[in-house]
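Listed below are the residues making up each chain.
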Amino acid sequence: MEISYNPVNGGNDRYQTIVCRTAVTDELSGEYVLPDYIGDVKRILHTFVRPRYSECTAESDGIRIRGESVFSVLMLTEEGKVASGVFSLEYTHLCECAAADGDISAMCYPVCENATARLLSPRKIALKARMRTAVSAVGTSPCVPEYSGTHTAADEAELECRTDTVDTLCLCRAQKSDLHFSEDMVLDGAESVIGEILYIGAEVSLPECRTAGGNLSVSGEMTVFALCTDPAGKLYCTQRRFPISATQKCDWKDGMNLWAWGTADGVKASVVPNSYGENKVIELDVTWSYCAEGECNLPMQIARDAYSTRYVCENTYAPLNLYAGRKCERAHITVNESRPRGEVGGESAEKVLFTSVRIQPAAIVTDENGCMLCTANAEVAMLVTDGEESPSVLRFTVPVKYEGDALPQGSVCDVRMEAEGVRGRLDSGAVYCDFEAVLCITSIEKLSQTALREVRFDRDNPLPPDNRPPITLYYPQEGESVWDIARRYHTTQDSILHANRLTSDCIHTEKVLMIPSQNKNGVYSGVI
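Residues numbered from 1 in each chain as written. Predicted model: local features only at pLDDT ≥ 70, side-chain atom pairs only at ≥ 80, totals over all residues. Heavy atoms only, no water.

S.K.: Even after reading the chapter, I still don't get the overall build of the protein, so can you show me in this structure?
M.R.: A count of helices and strands for the protein gives 4 helices and 24 strands. The proportion of buried residues among the 528 residues of the protein is 46%. Relative to all contacts within the protein whose residues are 6 or more apart in sequence, the contacts with residues 24 or more apart total 76%. Accessible surface computed for the protein: about 26,200 Å², of which carbon and sulfur atoms make up 46%. (Helix = DSSP H or I, 4+ residues; strand = E, 2+ residues; numbered from the N terminus. Buried < 20%, exposed > 50% of the residue type's maximum accessible area, 1.4 Å probe, protein only. Contact = heavy atoms within 4.5 Å. Areas by Shrake-Rupley, 256 points an atom, 1.4 Å probe, with all protein chains shown as cover.)

Take a look at the structure:
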């Protein structure tokens with residue numbers, strides 16, 4: 001009768017190790033008929049895109065991701081007015097992921113690339129985007145055989161198990177959604193009275209993340225910008241920054257590396273008068289969410305080998321990919337770029353209303369000296385007006401480059417680059433864009449391991465009787481261990497260690513070992 005003994009997962013469920021990393025790309029497209037309140041559109045001015053996911057779950061056949069790209073499109077109507085509309089493209093993806101046995105959970109990081117909005121007719125637009133999603137699957141400690149009295153079959157077979165310890169990168173994740181931020185955005189005396197809000201958006205930055213007293217705290221700022229018209233229909237843009245923070249219960253390990261990021265999921269705004277009766281106050285109600293992660297290296301036990309001292313065994317081994325040694329490199333790159341007005345079509349531009357910068361995913365290469373070179377393109381869009389207050393958008397691309405230290409061989413890298421402090425300006429001959437490119441590069445060393453996955457022994461196929469004398473003298477070979485010798489003679493490591501008064505598995509080739517044999521009662525002979 002065959003009995004299968006499967007190594008079990010162990011470890012702490014709160015600290016999980018990465019077992020699979022991959023990335024998937026989805027091409028999204030769709031056509032939309034514009035609502036009646038917008039009217040006929042003459043051209044599209046600018047498109048804001050925000051990716052978000054609604055589901056990231058580990059299933060038996062892979063990791064399922066569902067989400068959407070939310071487009072906010074600014075348009076110029078045939079009547080010369082600026083209008084806006086919000087549209088979305090949904091996506092779903094099932095990506096293969098060779099993860100460890102047992103329960104796993106998944107994390108994903110969506111990025112929207114090459115998003116465009118194109119006018120098909122005065123009443124119809126086409127949207128297109130590429131969604132790139134980085135996926136990490138995490139699970140508990142891999143393949144740790146458990147040898148205890150609760151496993152009757154394992155006890156009966158008198159299994160000898162060998163494990164060792166590997167430091168692996170473990171992750172914790174916490175997230176919170178449906179948070180509300182309410183504040184008044186008060187315009188100053190130099191800004192015009194609000195006639196209408198054409199577009200309002202918000203961005204969340206959370207540079208501070210810490211744990212203390214059983215709580216996880218994140219803090220940073222929310223930047224809100226609004227495109228408005230005054231009562232005469234003149235366009236202008238206003239922007240404010242507000243402090244923001246959130247706290248939740250958390251019992252993470254002290255000393256972990258922490259980071260967080262947030263998103264503004266929805267912005268509601270209404271115009272109310274100030275104390276002087278002027279419409280110069282915007283009441284904000286922003287729904288936002290955040291995700292925080294902590295990482296540390298924790299020791300994980302891995303089963304390497306096993307055998308029975310009573311029955312013939314058949315072992316199954318399998319490759320196991322682990323990750324360790326995260327290295328995080330952060331940098332701020334100051335970018336000051338200009339373009340001749342004629343090159344970007346800005347000959348008649350007189351005023352910059354607002355400027356946005358979207359940095360495309362970066363590429364990492366290694367130069368001839370082994371150093372890291374990170375390059376990316378930043379897409380600049382400036383909404384400007386001419387002397388007749390007719391809006392248009394100037395676009396150009398800015399290269400961003402960063403040189404860093406060499407990366408460990410075989411590392412897996414993640415690169416995030418965002419623009420902060422964006423400012424656009426004009427002079428008589430050129431347009432200028434100034435911003436800080438905030439770069440974060442994380443590299444993780446990939447560890448390829450071989451682990452014991454299953455031990456099968458047959459109780460109807462016992463080992464042949466041990467006809468050796470009570471003690472066998474053995475001359476160790478170069479590179480042999482006590483484990484190797486014990487397995488060859490169907491005995492235990494402890495019996496050899498005890499018989500030879502050894503305290504470790506290390507042996508010297510010049511030392512003669514005494515190998516005790518097992519009698520019919522299962523008792524090992526030895527030296528007292």
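What follows continues from the structure just given.
S.K.: Sorry, what's going on with the sheet that holds strand β5 (residues 62-77) here?
M.R.: Adjacent strands of a sheet form backbone hydrogen bonds with each other and so pair up, either parallel or antiparallel. Pairing is antiparallel across the open sheet formed by 3 strands, whose spatial order is β4-β5-β6. Strands with a single pairing partner mark the edges of an open sheet, and in this sheet they are β4 (41-59) and β6 (82-95). Neighbouring strand axes in the sheet, compared pairwise and without regard to direction, differ in orientation by 15° on average. Pairing of β5 with β6 involves 14 bridges; the strand directions are antiparallel. Of the residues in β6, the one forming a bridge with Ser-69 is Leu-89. (Pairing = 2+ DSSP bridges. Axes fitted to C-alpha atoms, helices over the stretch in contact; angles between N-to-C directions.)

S.K.: Would you mind going over the pattern of salt bridges with me for this structure?
M.R.: Charged atoms that come close allow side chains of opposite charge to pair. Applying the stated criterion across every chain yields a total of 14 salt bridges. Across the salt bridge formed by Arg-487 and Asp-305, the nearest N and O atoms sit 2.3 Å from each other. With Arg-487 in helix α3 (residues 482-488) and Asp-305 in strand β15 (residues 281-308), the pair connects residues that are 182 residues apart, well separated along the chain. Classification of Arg-487 by relative accessible area gives partly exposed; the value is 29%. Classification of Asp-305 by relative accessible area gives buried; the value is 9%. (Salt bridge = Lys/Arg side-chain N within 4 Å of Asp/Glu carboxyl O.)

S.K.: Help me out: how do you make sense of the sheet that holds strand β11 (residues 196-212) in this one?
M.R.: What the 3 strands build is an open sheet, ordered β11-β12-β13; its pairing is antiparallel. Two strands bound the open sheet, and with one partner strand each, they are β11 and β13 (235-249). Here the strands of the sheet are splayed against their neighbours by 15° on average, with no regard to which way each runs. Judged from the 15 bridges that link them, strand β12 (residues 215-229) and β13 form a sheet pairing that is antiparallel. By the bridge assignment for β13, Ser-217 is matched with Thr-247.

S.K.: What should I look at first to understand the packing of aromatic side chains in this one?
M.R.: Working definition: an aromatic ring pair is given by the centre-to-centre distance plus the angle between the planes. Inspection of every chain in the model, using the stated rule, returns 6 aromatic pairs. Each ring, one from Phe-181 and one from Phe-242, has its centre 5.6 Å from the other, and the planes form 55°; the classification is tilted. With Phe-181 in strand β10 (residues 159-186) and Phe-242 in strand β13, this pair connects stretches of sequence that are 61 residues apart. Here Phe-181 and Phe-242 have matching classes, each one buried. (Phe/Tyr/Trp six-rings, centres within 6.5 Å; stacked < 30°, edge-to-face > 60°.)

S.K.: Is there a simple way to think about the confidence of the model for the protein in this case?
M.R.: It should be kept in mind that the predicted coordinates are not to be read in detail where pLDDT is low. Residues of the protein with pLDDT of at least 70 account for 86%, and the chain-wide mean is 80. When the criterion is pLDDT under 50, residues 1-15 qualifies, and its contacts beyond four places in sequence or with other chains add up to 60 contacts. (pLDDT = per-residue confidence, 0-100.)

S.K.: Help me understand the pairing of β11 in this model?
M.R.: Strand residues, when the strand is regular, have side chains that alternate between the two faces of the sheet. Inspection of the sheet shows β11 paired to β12 by 14 bridges, in the antiparallel sense. What sits directly across from Cys-209, in β12, is Val-218. Between β11 and the antiparallel strand that follows it, β12, lie 2 residues; Gly-213 among them carries a positive phi value of about 60°.

S.K.: Explain the nonpolar core to me, please; I cannot follow it from the model alone.
M.R.: Within soluble globular proteins, side chains that are nonpolar generally end up buried alongside one another. Leu-206, Met-222, Val-224, Ile-282, Leu-284, Trp-288 and Tyr-290 are the most contacted members of the largest nonpolar core, which totals 37 residues. Broken down by secondary-structure element, the contributors of at least two residues to this core are β10, β11, β12, β13, β14 (257-272) and β15. If one sorts the elements of this core by residue count, β15 sits on top with 9 residues. Ranked by size, the runner-up nonpolar core spans 29 residues in total, among them Leu-34, Ile-38, Cys-95 and Cys-112. (Core = buried A, V, L, I, M, F, W, Y, C linked by side-chain atoms within 4.5 Å.)

S.K.: What is the right way to read the environment of Pro-231 from this model?
M.R.: Tracing the chain through its elements places Pro-231 in the loop between β12 and β13. The exposure class assigned to Pro-231 is exposed, which follows from its relative accessible area of 64%. Expressed as a C-alpha distance, the spacing of Pro-231 and Ile-194, which sit 37 residues apart in the sequence, is 6.6 Å. Excluding residues that lie within four positions of it along the chain, Pro-231 makes contacts with Val-193 and Gly-195.

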